[in-house]
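Spelled out, the chains give:
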Amino acid sequence: MVAPMQLTEMAGPGGVWRVLVPESRRERMRGLRGYPPPGPREAMLLRRCRSIQTFGLRQTITVAFLGPGMEVLEVHRCRRGRIVWARSRGARHALECADGWTPTVGDRFSLAARGPR
């Protein structure tokens, strides 16, 4: 059983997104391992992160690297057992989503008014 992470909501393409936000180093290293695959408009936000690894995952994911204003700078489809680095110099955050989510560069996310839960 995996201890719950902070869950918050973000406004993004298609409406409100449920987003897990790891707070400790251990939670960041574990990432999505041990969680069911993200569903539509569900993701994990890794703040201050310019690379991700998919070792131990059972599924392919889509990763959007975000700029400081939470705008999508680049998108990668990541198979299991890979390391992916942001190529954009302005990338500040990584948003790990379900495979098949196809954001476009320029889409913007923002924290919903409701805040953390």
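As shown above, the structure is provided for reference.
A brief look at the structure comes next. (Residues numbered from 1 in each chain as written. Predicted model: local features only at pLDDT ≥ 70, side-chain atom pairs only at ≥ 80, totals over all residues. Heavy atoms only, no water.)

1. Re the sheet that holds strand S1 (residues 6-12)
The strand order S6-S5-S8-S3-S2-S1-S9 describes an open sheet built from 7 strands, whose pairing is mixed. Both outer strands of the open sheet, strand S6 (72-78) and strand S9 (110-111), are each paired with one neighbouring strand and no more. In this sheet, S6 lies alongside strand S5 (residues 61-66) in antiparallel orientation, the contact comprising 6 bridges. Within S6, the residue paired with Leu66 across the bridge is Val72. (Pairing = 2+ DSSP bridges. Helix = DSSP H or I, 4+ residues; strand = E, 2+ residues; numbered from the N terminus.)

2. Thoughts on the packing of aromatic side chains
On inspection of all chains with the given rule, the structure shows 1 aromatic pair. An angle of 80° between the planes, with centres 5.4 Å apart, marks the rings of Trp17 and Phe109 as edge-to-face. One end of the pair, Trp17, is in strand S2 (residues 15-21); the other, Phe109, is in the loop between strand S8 (93-98) and S9, with 92 residues separating them in the sequence. Residue Trp17 shares its accessibility class with Phe109, and that shared class is buried. (Phe/Tyr/Trp six-rings, centres within 6.5 Å; stacked < 30°, edge-to-face > 60°. Buried < 20%, exposed > 50% of the residue type's maximum accessible area, 1.4 Å probe, protein only.)

3. Concerning the environment of Pro40
Along the chain, Pro40 falls in the loop between helix H1 (25-30) and strand S3 (42-46). For Pro40, a relative accessible area of 78% puts it in the exposed group. Expressed as a C-alpha distance, the spacing of Pro40 and Trp101, which sit 61 residues apart in the sequence, is 7.8 Å.

4. Quick look at the pairing of S8
If a strand is regular, its side chains alternate between the two faces of the sheet. Where burial is concerned, most of S8 is hidden: 6 out of the 6 residues are buried. Summarising the sheet, S3 and S8 pair through 4 bridges and their orientation is antiparallel. Note on S8: the bridge partner recorded for Leu45 is Leu95.

These figures come from the coordinates and say nothing about function on their own.
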